[in-house]
Amino acid sequence: GPLVELFENEISKVAGSPAISVSSGTAALHCAYAAIGIEPGDEVITPPLTFIATQATAALMGAKIVFADIQEDTGNIDPKAVEAAITPRTKAIVAVDYAGHPADMDELRLIADKHSIYLIEDASHSLGSTYKGRPVGSLADLTTFSFFPTKNITTGEGGAVSSPKPELLAKAKSFSRQG
């Protein structure tokens with residue numbers, strides 16, 4: 001109802017991009033993968049240091065999970081390891097903002113653009129954070145959030161997806177509504 005629309009508008013303001021709400025952070029990841037058209041055989045590069053939903057929702061759609069190592073100082077995915085892991089089957093890079101610290105999104109954006117692959121940011125712990133003065137939620141093709149009780153902002157449960165790309169957000173929304 002109207003409270004959902006109000007909530008989504010408030011998330012959009014904080015995220016710096018339009019957003020939709022969903023039932024959980026896991027559902028947000030599932031919607032993001034559906035929006036980019038993950039299919040069996042596609043590869044998704046993720047860090048190993050994250051909650052299993054980052055990989056499980058992609059694997060549920062048939063993707064092969066490819067782990068890229070993390071940076072010792074931040075716990076975030078290492079762009080050099082990402083670059084080394086890319087193959088012709090790579091469909092997406094998924095950066096996880098470990099402990100609320102945004103990943104090196106500029107470097108990852110350059111890599112994603114160079115290889116014409118999607119960049120997804122799992123920002124479950126970083127709603128309200130910024131990267132070089134820009135809000136988390138406006139940096140990747142799709143950004144996912146979680147409002148589980150262990151997160152920095154909670155609604156008891158729930159999640160959201162934001163994107164600066166209207167066509168991707170429309171696909172995520174369609175999937176989220178039994179698409």
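Residues numbered from 1 in each chain as written. Predicted model: local features only at pLDDT ≥ 70, side-chain atom pairs only at ≥ 80, totals over all residues. Heavy atoms only, no water.

A. Quick peek at the side chain of glutamate 8. Turning to its location among the elements, glutamate 8 is positioned in helix H1 (residues 2-15). If sequence neighbours within four positions are ignored, glutamate 8 has contacts with Ala19, Ile20, Ser21 and Arg177. (Helix = DSSP H or I, 4+ residues; strand = E, 2+ residues; numbered from the N terminus. Contact = heavy atoms within 4.5 Å.)

B. Summary view of the sheet that holds strand E9 (residues 159-162). Read from one edge to the other, the open sheet built from 7 strands follows the order E1-E9-E8-E5-E4-E2-E3, with strand pairing classed as mixed. Each of the sheet's edge strands pairs with one partner strand only, and the pair in question is strand E1 (19-22) and strand E3 (64-67). Averaged over all pairs of adjacent strands, the angle between their axes in this sheet comes to 20 degrees, without regard to strand direction. Relative to strand E4 (residues 90-96), strand E2 (residues 43-46) runs parallel, the two sharing 3 bridges. Across the sheet, the residue bridging to isoleucine 45 is isoleucine 93, located in E4. Against the sheet, H1 makes contact with E1, strand E8 (142-146) and E9, and its axis sits at roughly 125 degrees relative to E1, the strand it touches most. Helix H3 (residues 53-60) rests against E2, E3, E4 and strand E5 (118-122) of the sheet, and its axis sits at about 150 degrees to E3. (Pairing = 2+ DSSP bridges. Axes fitted to C-alpha atoms, helices over the stretch in contact; angles between N-to-C directions.)

C. The arrangement of the pattern of salt bridges in detail. Summed over all chains, the structure comprises 9 salt bridges. Of the charged contacts in the structure, one is a salt bridge between glutamate 10 and lysine 13, with a shortest N-O distance of 3.1 Å. With glutamate 10 and lysine 13 both in helix H1, this residue pair falls 3 residues apart, about one helical turn. One salt bridge connects arginine 134 with aspartate 106, and the closest N-O pair in it is separated by 2.6 Å. On the criterion of sequence distance, the pair formed by arginine 134 in strand E7 (residues 134-135) and aspartate 106 in helix H5 (residues 105-115) is long-range, its members being 28 residues apart. (Salt bridge = Lys/Arg side-chain N within 4 Å of Asp/Glu carboxyl O.)

D. Highlighting the environment of isoleucine 117. Positionally, isoleucine 117 belongs in the loop between H5 and E5. Its relative accessible area of 8% is what places isoleucine 117 among the buried residues. A sequence separation of 28 residues divides isoleucine 117 from arginine 89, and the C-alpha atoms of the two residues are 9.7 Å apart. If near-sequence neighbours (up to four positions away) are discounted, isoleucine 117 is found in contact with Ile86, Thr90, Lys91, Ala92, Ile93, Arg109, Ala112 and Asp141. (Buried < 20%, exposed > 50% of the residue type's maximum accessible area, 1.4 Å probe, protein only.)

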